[in-house]
Amino acid sequence: MDAIYKTLLFDGKISLTVIESTQIVNKAIKYHGLTPLTSAALGRAMTASLFMASNLKNKSDRLSVTISGDGPGGQIIVSADSNLSVRGYVENPSVNLPLNEKGKLDVKGLVGKGRITVVRNMGLKEPYSGSCELVSGELAEDFAYYYTVSEQEPTAMALGVLTSAKGKCLGAGGVIMQALPGCDYETAKKAEEIILGYTDISSLIKKIGAKGICELHFAGVEFSERKPRYKCVCSKKYINSMMVALGKEELYDILREQGEIRVECEYCDKTYVYNKDDVDKLLGIING
Ligand SMILES: [Zn+2]
């Protein structure tokens, strides 16, 4: 079961988060037809974004993460909110690359060099935007580096996605530790070493789940538990406003050429279809 577990360790100097996101990744695979490689990249990005979202304070807070690399995968876009709904897509979902020299999925090759940008919308305040260079392309290190540099919160992160030969996700998730204010160097180092021990987090999630990691590796520690999910927030109302923004001329041009206007949501499998009557109504033009 997908879940996010949180607790404090080392006298409250370190926060620990354990995430299981297998079902979320399977939903993304279903919507986007991802390959094992693009599943790994998007799955890692969605897991890290859920971690970020789990730290949002207010009910209406939300964030978006854009990973813009020069690799063949194109951009990876994820958005998540404080209710732990997440959605995302990869620009080129069908890309496949040979395994890397370690025999693993070449996420670094897929992503390439570039930047990671995070925008947080918090109520009426101006959106907060932070950005830094990708240091690895494998994404766990990149998100950890982003936190450490852009948010001044030293962070260590292990992320993983395991898929079957048929392309189904068998295990996905992450283990994340963050040094809290007042944390000393030795304690931060210890936390980092624990994270370095999670070299195959996706197989571990497949075997014992996030709950098993909490119970077996942190026995006796109390965790809070929340449920994340893949959820798209697209709506007819939102698509209507996008259509109006396109402008009358553009809309009637498409109608003339194609007979109808089809808008496919990038995040889920919904398609919104408009015929001429719909467009007339939308623009307030009365027939005849
Ligand atoms: Zn949608």
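Above: the structure in question.
Worth saying up front: this structure is predicted, and the values here are computed from it rather than measured.

About the cut-offs
- Residues numbered from 1 in each chain as written.
- Predicted model: local features only at pLDDT ≥ 70, side-chain atom pairs only at ≥ 80, totals over all residues.
- Heavy atoms only, no water.
- Core = buried A, V, L, I, M, F, W, Y, C linked by side-chain atoms within 4.5 Å.
- Buried < 20%, exposed > 50% of the residue type's maximum accessible area, 1.4 Å probe, protein only.
- Helix = DSSP H or I, 4+ residues; strand = E, 2+ residues; numbered from the N terminus.
- Domains from an automatic or database assignment.
- Contact = heavy atoms within 4.5 Å.
- Donors = N, O, S within 2.8 Å, 3.2 Å for Na, K, Ca; no water.

Draft legend 1. Here's a closer look at the nonpolar core. Formed by 67 residues in total, the largest nonpolar core has its most connected members in Met46, Ile67, Ile76, Phe143, Met157 and Ile261. For this core, the element with the most residues is helix H2 (residues 36–54), which contributes eleven residues. Here this core spans two domains, and each of domain 1 (3–230) and domain 2 (236–283) adds at least three residues to it. Among residues more than four places away in sequence, those in contact with Ile76 are Ala41, Leu42, Ala45, Val65, Thr66, Ile67, Tyr89, Val90 and Val111. Grouped together as the second largest cluster of nonpolar side chains are 21 residues, Ala3, Leu9, Ile14 and Phe223 included.

Draft legend 2. Expanded view of the coordination of the zinc ion. Every protein donor of the zinc ion is listed here as Cys232 (SG), Cys234 (SG), Cys265 (SG) and Cys268 (SG), and their distances to the metal cover 2.2 to 2.4 Å. Each donor residue of the zinc ion belongs to the same chain, and together they define the spacing C-x1-C-x30-C-x2-C. Residue Cys232 is located in the loop between strand S11 (229–230) and helix H7 (236–246), and its partner Cys265 is located in the loop between strand S12 (261–264) and strand S13 (271–274); the two are separated by 33 residues in the primary sequence. For the pair shown, Cys232 and Cys265 are each scored as buried.

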